[in-house]
Every structure is written in C-alpha cells, then in structure tokens.
Amino acid sequence: METLSENRCFGGTQGVYKHAAKSTKCDMTFAVFLPEEAQHGPVPVLWFLSGLTCTHENAMIKAGAQGWAAEQGIALVFPDTSPRGEGVPDDEAFDLGQGAGFYVNASEGKWAEHFQMEIYIAEELPTLLAGKFPLDMDRQAITGHSMGGHGALTLAMKLRGRFRSVSAFAPICNPTESEWGQKQFSAYLGSNKAKWAAHDASLLMAAGGFEGPVLIDTGTEDQFGHLLGTAAMAGAIAEAKQEGTVRLQKGYDHSYFFISTFMEDHVAFHAEALYS
C-alpha cells in the first residue's frame, strides 16, 4: 500500500492511499479518515460509497463528514467507484465504465476482467483495511449517495451481520425498473434479469429486509428523482416491516449541498447503532 497524502483534520488524520487490487486487476485509490481516538485503539467504521462520475475524492472533500465523525470518534472510508487506468475499459457515456462500477461483479464481455466492484468492496478492501489501520471491523456501518446509495443498501442487505446500520442520500432504489440500472446491468451482467434482482435494493428489502435501522434522505427537487425509485423502496420497507425512515427533504436536489446539509444527521444515526 502506498501513502499518497496524509493531512491533519479535526484532530485526526485524513489520508489517501493506493494499492494494487487483485479483484479489479489495477491500482485502486481510497481515502480513510481516522479520528483522534484511533491513536489509542480501534475505532468504529462508517463507509461512504460515492455516485456516478465520482472518485474517492468527491465525498472526502465535499460531504463535510470528517467533523461529525471526529465528534463521534468514528473512522470514515471513501473507496473509489470503479477500476481505472490503462487497459481498463471505458465508455463515452458518463453512466457506464470508469466512474460507474455500480458495485456489481461484471460477468459480460470486456467488463468482466476488471469490473469486480462488489468483491472489492465486500472482501478485498476490508481485508486490507483491517491489516493496516486501527479499525474495529466488528462495528461497521455504511452509507452512500445515488449509485453509492444503491451500493450501500444492497451490500448491507446481502452481507448479513456485517453492518449495524445503513443510510443513503438519494439512492438508486429500484434499478431493475430504471434507466440507471437497466443499462448498466445489461452491460455488466447480461440479459438474464434474474441476476439483476440480487442488486435491486427494493427487491432485496421486500424479500428479507435488513437486521438494523435504515435511513434514506431524498430531495423533493432532485433532478434525477424519476430514476431513483424512492416510492418503490418506501413500499418495500412497509411490506418488510423494516425499522426504517424515508425522508423527502423539501427543496433539495441531488448535489453535495444536499448531502452536506444532512450529513450530521446520518453520522449521528450511525453512531447510535455503532455504540449501542
């Protein structure tokens, strides 16, 4: 693992690191914020999965999470959204290829070799983190934005017992019924829609739900609201009798201004679960 930068931040350290990932067969960059408490022993972990076109850097810089995490004594992990670099396939569209991994393991065509983001986030990166940083991997929570909200919700429900809580900002909740999902799943997973269902948060929620609390925030002025499937998720939460809250925030859009406004709420929500 190579250290790209480390900066003092809210009494702790914000670092950026790079490593050669086996699952994606390329170098992957990620960021970790360690609060001051990490100097004395392992601390709980909150993952933030980012959305389309983003890298580790967007949320690290724009979400305003470090101050609230420092207050709660929680580490933050900001992974990248896809494999990158020479030899990694891409597409001219912003919503496919590099920056648009959709947190799935691709099985089709040119995507299959590198686009293994589910196993990278679920297995490879946690193993690396556990060996390099003072993190309490028995106390993990996960959140994300848009495509990353999709990833946070689906991984939380599929990795039973891994995360104590899950939240999301404007998540893609029902990708099997959305252009943000159908296009990418066709490319990465093929035409068999039965394979898609394992990556649809609304379907996973209706089928079994999540063993902890769920918090979802979406803006009423979200310019991509028609692609998110918020109503489907709300219905699935009700059907599953899930402990959860779906909030429609009046006037807010899809941007990081929206995320930073409600980040304190989300960190406090996860802190309650992580320290209970």
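Structural data are supplied above this passage.
Please read all numbers here as calculations on a predicted model, not as lab measurements.

Conventions adopted
- Residues numbered from 1 in each chain as written.
- Predicted model: local features only at pLDDT ≥ 70, side-chain atom pairs only at ≥ 80, totals over all residues.
- Heavy atoms only, no water.
- Axes fitted to C-alpha atoms, helices over the stretch in contact; angles between N-to-C directions.
- Helix = DSSP H or I, 4+ residues; strand = E, 2+ residues; numbered from the N terminus.
- Parallel < 35°, antiparallel > 145°, perpendicular 65-115°, else oblique.
- Left-handed = near helix turned anticlockwise from the far one by under 90°.
- Contact = heavy atoms within 4.5 Å.
- Nonpolar A, V, L, I, M, F, W, Y, C, P; charged D, E, K, R; others polar.
- Buried < 20%, exposed > 50% of the residue type's maximum accessible area, 1.4 Å probe, protein only.
- Core = buried A, V, L, I, M, F, W, Y, C linked by side-chain atoms within 4.5 Å.
- Phe/Tyr/Trp six-rings, centres within 6.5 Å; stacked < 30°, edge-to-face > 60°.
- Salt bridge = Lys/Arg side-chain N within 4 Å of Asp/Glu carboxyl O.

(A) Structural context of the packing of helix α2 (residues 65–72) against helix α9 (residues 256–274). At a closest axis distance of 9 Å, the pairing of α2 and α9 adopts a crossing angle of 30°. If you check the angle between α2 and α9, you find them roughly parallel. Pair α2 / α9 crosses with right-handed handedness. Here α2 contributes A65, W68, A69 and Q72 to the contact with α9, which in turn contributes M263, E264, V267, A268 and A271. Within the contact of α2 with α9, the residues separate by chemical class into seven nonpolar, one polar and one charged.

(B) Structural view of the environment of G109. For G109, the location among the structural elements is in the loop between β5 (75–78) and α3 (117–132). G109 sits in the exposed class, given a relative accessible area of 68%. Each C-alpha atom, one on G109 and one on Y188, is 7.9 Å from the other, the two residues being 79 residues apart in sequence.

(C) Representation of the nonpolar core. Formed by 89 residues in total, the largest nonpolar core has its most connected members in F30, W47, L129, L153 and Y188. Broken down by element, the residue count for this core peaks at eight residues, all from α9. Residues in contact with W47, not counting those within four places in the same chain, are V77, P79, I121, L125, P126, L129, Q140, A141, I142, T143 and F163.

(D) Broad picture of the packing of aromatic side chains. Enumeration according to the criterion identifies 15 aromatic pairs in this entry. Measuring from ring centre to ring centre gives 5.0 Å for Y252 and F262, while their planes differ by 70°; the resulting arrangement is edge-to-face. Of this pair, Y252 sits in the loop between β9 (244–249) and α9 while F262 is found in helix α9, placing the two residues 10 residues apart along the sequence. On the basis of relative accessible area, Y252 is assigned to the partly exposed category, the value being 29%. The buried category is assigned to F262, whose relative accessible area is 9%. Grouped by ring-pair contacts, the aromatic residues F48, F78, F169, Y252, F258 and F262 constitute a single cluster.

(E) Unusual backbone geometry, seen in detail. Phi at Y103 takes a positive value of approximately 55°, unusual for a residue other than glycine. As for its placement among the helices and strands, Y103 is situated in the loop between β5 and α3. With a phi angle near 60°, S146 is a residue other than glycine that sits in the positive phi range. According to the relative accessible area criterion, S146 is buried, its value standing at 3%.

(F) A look at the pattern of salt bridges. For the structure shown, the criterion picks out eight salt bridges. With its nearest N and O atoms 2.8 Å apart, the salt bridge here joins E118 to K158. Here E118 is found in helix α3, whereas its partner K158 is found in helix α4 (residues 147–158), with 40 residues between them in sequence. Using a relative accessible area of 15% as the deciding quantity, one classes E118 as buried. Residue D136 pairs with R139 through a salt bridge whose shortest N-O separation is 2.7 Å. With relative accessibility at 18%, the residue D136 sits in the buried group. Taking relative accessible area as the criterion, R139 reaches 18% and is therefore assigned buried. Because the salt bridges share partners, they merge into one network encompassing D217, R247 and D265.

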